[in-house]
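Working through the structure, step by step
Residues per chain are reported as follows:
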Amino acid sequence: MLSNFNKAFKGWGTNEGLIVSILAHRNAAQRNLIRQVYAEAYGQDLLKDLDKELSNDFERVVMVWTLDPAERDAYLANEATKRFTSSNWVLMEIACSRSSHDLFKVRQAYHARYKKSLEEDVAYHTTGDFRKLLVPLVSAFRYEGEEVNTMLAKSEAKILHEKISDKAYSDDEIIRILTTRSKAQLNATLNHYNNAFGNAINMNLKEDADNEFLKLLRATIKCLTYPEKYFEKLLRLAIKKIGTDEWALTRVVATRAEVDMERIKEEYRRRNSVTLDHDIAGETAGDYERMLLALIGHGDA
């Protein structure tokens, strides 16, 4: 293995195929061990060596993938709070699609890496309704169990309907329910909403198609309840837009490869009548394409 590291990283940029074969089929623990062995063998930080070479999409996906998941999310969240790479959507995505334990580890990694808290950066770099939603989302530690309180689900479905009917989209009660309830409880509440009021909640949140906060609110609900549908749409838009959105493609593939990529691939095929592999191969090329295809098949490796 050490000789392979030496071949792959000596004269960076000449052994991309070997880098794919070494890193793409390794889980998080194995990738951390590779970083450790690399540092011991060569006295250098693998990630810093990668970072020096971030000149194209291939090297960027390799670096993002090689990061420990919590460290990766901390990095993505920090990028999402910067002026020129700001993204309320990425912050929401991390907060809503990770488990409570994983999100807690992201906050710890953020402390270690940036010497401040994720919450304070999100609060500082957002305003108004966006801040009101995003700060409690990234601060959340939801209950992870499957237990559901049916009476509570009915009463909170009614609260949500009343507030939405009044167009009070950023009301404290809407924010409280979405940012504190377990995902199982939220699913029960939204099922009651649908049954009682004849519409899925996101249909009632489409009153103003150009309202950016409403778009984020709908995405929050989808990401909390059907993450595979949220990520399928993100991938579809990244691939189908004029000029592929490589950063969104890289982010989704690298962050979901070890989590729910098989479900996302199934949803993609159901929604588009074509495989994700097919569309990625059609819109990317070279080593970047090979790395992405290796990662989306990661669960099968």
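Residues numbered from 1 in each chain as written. Predicted model: local features only at pLDDT ≥ 70, side-chain atom pairs only at ≥ 80, totals over all residues. Heavy atoms only, no water.

1. Digging into the domain arrangement of the protein
In terms of domain boundaries, the protein breaks down into domain 1 (2-139), domain 2 (150-224) and domain 3 (227-295). The centre of domain 1, based on its C-alpha atoms, is set 32 Å off from the matching centre of domain 2. In this assembly, 14 residues from domain 1 lie in contact with 16 residues from domain 2. Run the count over domain 1 and domain 2 and you get one salt bridge. Asp172 is the partner of Lys132 in a salt bridge, and the nearest nitrogen-oxygen pair spans 2.9 Å. (Domains from an automatic or database assignment. Contact = heavy atoms within 4.5 Å. Salt bridge = Lys/Arg side-chain N within 4 Å of Asp/Glu carboxyl O.)

2. Concerning the UniProt feature "binding site: Ca(2+)" (unreviewed entry) in the protein
Under the local residue numbering, the UniProt record ascribes the feature "binding site: Ca(2+)" (unreviewed entry) to Phe9, Gly11, Gly13, Glu53, Ile239, Lys241, Gly243, Ala281, Glu283, Thr284 and Glu289. Looking at the element boundaries, Thr284 is found in the loop between helix H19 (276-283) and helix H20 (286-296). A polar contact of 2.6 Å, which involves the side chain of Thr284, links it to the backbone oxygen of Ile280. (UniProt positions renumbered as here; feature names shortened; annotations may be inferred. Helix = DSSP H or I, 4+ residues; strand = E, 2+ residues; numbered from the N terminus. Polar contact = N/O pair within 3.5 Å; in protein donor to acceptor, adjacent residues only side chain to side chain.)

3. Quick word on the packing of aromatic side chains
Any aromatic ring pair is given by two values, namely how distant the centres are and how the planes are angled relative to each other. The final tally for this structure, using the stated rule, is six aromatic pairs. An angle of 85 degrees between the planes, with centres 6.1 Å apart, marks the rings of Phe104 and Phe141 as edge-to-face. Of this pair, Phe104 sits in helix H8 (residues 100-114) while Phe141 is found in the loop between helix H10 (128-139) and helix H11 (150-165), placing the two residues 37 residues apart along the sequence. Where Phe130 meets Phe213, the ring centres are 5.8 Å apart and the plane angle is 85 degrees; that geometry is what we call edge-to-face. (Phe/Tyr/Trp six-rings, centres within 6.5 Å; stacked < 30°, edge-to-face > 60°.)

4. Some remarks on unusual backbone geometry
With glycine set apart, most residues show a phi of negative sign, and most peptide bonds adopt trans. Even without being glycine, Lys115 reaches a positive phi, approximately 60 degrees. Located in the positive-phi region is Lys167, a residue other than glycine, with phi close to 60 degrees. Position of Lys167 relative to the elements: it lies in the loop between H11 and helix H12 (172-180). A residue is classified by how much of its surface remains accessible, and Lys167, at 49% relative accessible area, is partly exposed. (Buried < 20%, exposed > 50% of the residue type's maximum accessible area, 1.4 Å probe, protein only.)

5. A word on the pattern of salt bridges
According to the stated counting rule, one finds 22 salt bridges in the structure shown. Residue Arg98 is joined to Asp73 by a salt bridge in which the shortest nitrogen-to-oxygen separation is 2.7 Å. With Arg98 in the loop between helix H7 (88-97) and H8 and Asp73 in helix H6 (residues 69-81), this residue pair connects regions lying 25 residues apart in the sequence. In terms of burial, Arg98 and Asp73 fall into one category: buried. Of the charged contacts, one joins Glu212 and Lys215 as a salt bridge, the two residues approaching to 3.1 Å between their closest N and O atoms. With Glu212 and Lys215 both in helix H15 (residues 212-225) and three residues apart, this pair spans about one turn of that helix. Through salt bridges with shared partners, a single network forms among Glu156, Glu173, Arg176 and Arg181.

6. Description of the packing of helix H16 (residues 227-240) against H19
It is at 10 Å that the axes of H16 and H19 come closest, and there the two elements cross at 30 degrees. Accordingly, the angle class assigned to the pair H16 and H19 is roughly parallel. The two elements H16 and H19 meet at a crossing, and its hand is left-handed. When H16 is examined against H19, the residues Leu235, Ile239 and Lys240 are found in contact with a partner set consisting of Leu276, Asp279, Ile280 and Glu283. (Axes fitted to C-alpha atoms, helices over the stretch in contact; angles between N-to-C directions. Parallel < 35°, antiparallel > 145°, perpendicular 65-115°, else oblique. Left-handed = near helix turned anticlockwise from the far one by under 90°.)

7. Topic: the side chain of Glu267
When you line up the elements, Glu267 lands in helix H18 (residues 261-272). Apart from residues lying up to four places away in sequence, Glu267 is in contact with Glu228, Lys229 and Glu232.

8. Let's talk about the side chain of Ser182
Position of Ser182 among the secondary structure elements: in the loop between H12 and helix H13 (183-197). Judged by relative accessible area, which is 8%, Ser182 ranks as buried. Within the structure, Ser182 has its side chain in polar contact with the backbone nitrogen of Gln185 (distance 3.0 Å). Leaving out residues up to four positions away in the same chain, Ser182 has contacts with Arg142, Tyr143 and Gly145.

9. With respect to the nonpolar core
Counting 83 residues, the largest nonpolar core has Met92 and Met291 as its most contacted members. If you tally residues by element for this core, the top one is H15, at eight residues. Not counting the four nearest positions on each side in its chain, Met92 is found in contact with Leu134, Leu137, Leu216, Ala219, Thr220, Cys223 and Tyr230. (Core = buried A, V, L, I, M, F, W, Y, C linked by side-chain atoms within 4.5 Å.)

10. Details of the environment of Glu228
Counting through the fold element by element, Glu228 comes out in helix H16. Not counting the four nearest positions on each side in its chain, Glu228 is found in contact with Arg263, Ile264 and Glu267.

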